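The lines below spell out each chain.
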Amino acid sequence: MIRLENLTKTYLSSGREVHALAGVNMTVREGEVFGIIGRSGAGKSTLIRMLNLLEHPTSGKVWLQGRDITPLSEAELRQVRRGIGMVFQHFNLLRSRTVLDNVRFPLKLAGLPKNEQLERAREVLSLVGLSDQAAKHPGQLSGGQQQRVGIARALANHPHLLLCDEATSALDPETTQSVLRLLRDINAKLGLTIVMITHGMDVIRAACDRVAVIDAGRIAESGDVMDVFLHP
Ligand code: ADP
Ligand code: ADP
């Protein structure tokens, strides 16, 4: 599904080179929930920006569904990104829009006819258990509900890959667990491949099949969650 091949990203920061990624090799399999864990500054955000090529690597390749996407044009990349759903830490919902409009917004951007936008938006809202909240505004919902809206919006384009960037870091432990259960549910129901970036071990334990530990821009360890971490 995803293969990162000797990926490097070097930033120039006030005349000094920062090796945010220093030769990352990693494979994510179709249909799995894959976690990337590391502390602050380890390179997680840089890595996630490489997966949808929001930023270009300094060297190396990003294979997505058998295709190296690093040489693609910006127009081709837009097409690729349409198949990738993103879930953010702070939800990134538009407060002046209803839940339904937030969810159908990417479909509008994709140029779907309005009746299909509405049909799809209702379908994904039902998937996240928020059918009855469609007419509300995000500010009227709890944090956990807002993130469910964020997940519905990410699913609206029927992506083949879901990228979650610290998706539960703004939520309390109980809500975190319920959002993680939802993501696992969606993974099982749709067979959707999910990649989660987190600094939280609880997230990896609760939701992921496999994990990569990133440290100073390198994969320090990777494998089945059960094998990488000792269970109490
Ligand atoms: P994490 O998400 O794990 O906290 P990041 O990917 O944000 O880590 O950062 C990895 C390293 O790259 C850090 O040393 C950070 O300061 C540096 N870095 C990230 N983005 C930039 C940038 N745009 N310019 C310069 N340095 C950056
Ligand atoms: P239409 O005639 O298809 O309804 P509009 O431009 O009036 O076209 O907008 C359609 C819906 O999309 C509106 O209900 C509006 O609230 C919503 N919308 C427009 N811009 C945004 C946005 N930036 N984010 C979320 N929803 C948006």
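These figures come from a predicted structure and were not determined experimentally. (Residues numbered from 1 in each chain as written. Chains lettered and ligands numbered in written order. Predicted model: local features only at pLDDT ≥ 70, side-chain atom pairs only at ≥ 80, totals over all residues. Heavy atoms only, no water.)

Visitor: How should the overall build of the protein chain be read in this particular structure?
Guide: Along the protein chain, the regular secondary structure elements total eight helices and 10 strands. The dimensions of the protein chain, computed from C-alpha atoms along their principal axes, are 50 × 50 × 35 Å. Across the 232 residues of the protein chain, 50% fall into the buried class. The contacts in the protein chain between residues at least 6 apart in sequence include a share of 68% that link residues at least 24 apart. (Helix = DSSP H or I, 4+ residues; strand = E, 2+ residues; numbered from the N terminus. Buried < 20%, exposed > 50% of the residue type's maximum accessible area, 1.4 Å probe, protein only. Contact = heavy atoms within 4.5 Å.)

Visitor: Please explain the environment of M50 as it appears in this structure.
Guide: Secondary-structure assignment places M50 in helix α1 (residues 44-51). Overall, the relative accessible area of 0% leaves M50 in the buried class. Apart from the residues within four sequence positions on either side, M50 is in contact with L7, K9, L21, E55, H56, P57 and V62.

Visitor: So what exactly am I meant to see when it comes to helix α3 (residues 99-109) here?
Guide: Along α3, the residues that are buried comprise V99, L100, N102, V103, R104, P106 and L107. Positive phi appears at G111, one or two residues downstream of α3, with a value of about 85°.

Visitor: Explain the site of ligand 1 here, please?
Guide: Every residue near ligand 1 is listed here: Y11, V18, A20, R39, S40, G41, A42, G43, K44, S45, T46 and R49. Here an oxygen atom of ligand 1 sits 3.2 Å away from a polar atom, N or O, in the main chain of A42. Against a free-state accessible area of 560 Å², the protein chains account for coverage of 63% of ligand 1. Taken together, the elements giving at least two residues each to the shell around ligand 1 come down to β2 (16-28) and α1. Partitioning the shell around ligand 1 into residue classes produces four nonpolar, five polar and three charged. (Near = heavy atom within 4 Å. Polar contact = N/O pair within 3.5 Å; in protein donor to acceptor, adjacent residues only side chain to side chain. Areas by Shrake-Rupley, 256 points an atom, 1.4 Å probe, with all protein chains shown as cover. Nonpolar A, V, L, I, M, F, W, Y, C, P; charged D, E, K, R; others polar.)

Visitor: Would you mind going over the site of ligand 2 with me for this structure?
Guide: Taken together, L94, R97, D101, R104, F105, K108 and K114 make up all the residues around ligand 2. At 2.8 Å, a side-chain N or O of K114 approaches an oxygen atom of ligand 2. Protein chains shield 59% of the accessible area of ligand 2, which is 550 Å² for the free molecule. Top element by residues in the shell around ligand 2 is α3. It accounts for four residues.

Visitor: Please clarify how the pairing of β2 should be interpreted in this entry.
Guide: The side chains of a regular strand alternate between the sheet's two faces. Bridge analysis of strand β1 (residues 2-13) against β2 gives 10 bridges, and the strand direction is antiparallel. Looking at β2, one finds that L7 is bridged to V24. Hairpin connection, β1 to β2: the antiparallel pair is bridged by two residues, and S14 has positive phi, about 40°. (Pairing = 2+ DSSP bridges.)

Visitor: Help me understand a nonpolar patch on the surface, please; the structure alone is not making it clear to me.
Guide: On the surface, a cluster of nonpolar side chains totalling about 290 Å² of accessible area is made up of L94, F105 and L109. Topologically, L109 is positioned in helix α3. (Patch = residues over 30% accessible without salt bridge, like charges linked within 9 Å, V, L, I, M, F, W, Y side chains within 5 Å. Salt bridge = Lys/Arg side-chain N within 4 Å of Asp/Glu carboxyl O.)

Visitor: In this structure, what is going on with the side chain of K9? I would like to understand it.
Guide: Residue position: K9 is located in strand β1. A polar contact is formed between the side chain of K9 and the backbone oxygen of H56, at a distance of 2.6 Å. Once residues within four sequence positions are removed from consideration, K9 is found in contact with V18, H19, A20, L21, T46, M50, E55, H56, P57 and T58.

Visitor: Help me understand the side chain of N52, please; the structure alone is not making it clear to me.
Guide: By secondary structure assignment, the location of N52 is in the loop between α1 and β4 (59-64). Sequence-distant contacts of N52, that is, excluding residues within four places in its chain, are made with R81, I84, M86 and L163.

Visitor: Teacher, can you tell me more about the nonpolar core here?
Guide: A general trend in soluble globular proteins is that nonpolar side chains are found buried together. Core analysis: the largest hydrophobic core is formed by 44 residues, its most contacted members being L125, I151, L162, L183 and M196. Contacts of L125, omitting those with residues within four sequence positions, involve V99, L100, V103, L130, S131, A134 and A152. In this structure, I2, L72, L161 and I197 belong to the second largest nonpolar core, which totals 30 residues. (Core = buried A, V, L, I, M, F, W, Y, C linked by side-chain atoms within 4.5 Å.)

Visitor: What is the right way to read the packing of α3 against helix α5 (residues 143-155) from this model?
Guide: Pairs of packed helices are described in terms of their axes, by the angle between the two and the distance that separates them. In contact at an axis separation of 7 Å, α3 and α5 are set at 30° when each is read in the N-to-C sense. In this view, α3 runs roughly parallel relative to α5, as classed from their interaxial angle. Regarding α3 and α5, the two cross each other, and that crossing is right-handed. Counting all contacts with α3, which are made through V99, N102, V103 and P106, the residues of α5 involved are V149, A152 and R153. Of the residues that constitute the contact of α3 with α5, the class distribution is five nonpolar, one polar and one charged. (Axes fitted to C-alpha atoms, helices over the stretch in contact; angles between N-to-C directions. Parallel < 35°, antiparallel > 145°, perpendicular 65-115°, else oblique. Left-handed = near helix turned anticlockwise from the far one by under 90°.)

Keep in mind that these numbers describe shape and distance, not what the molecule does.
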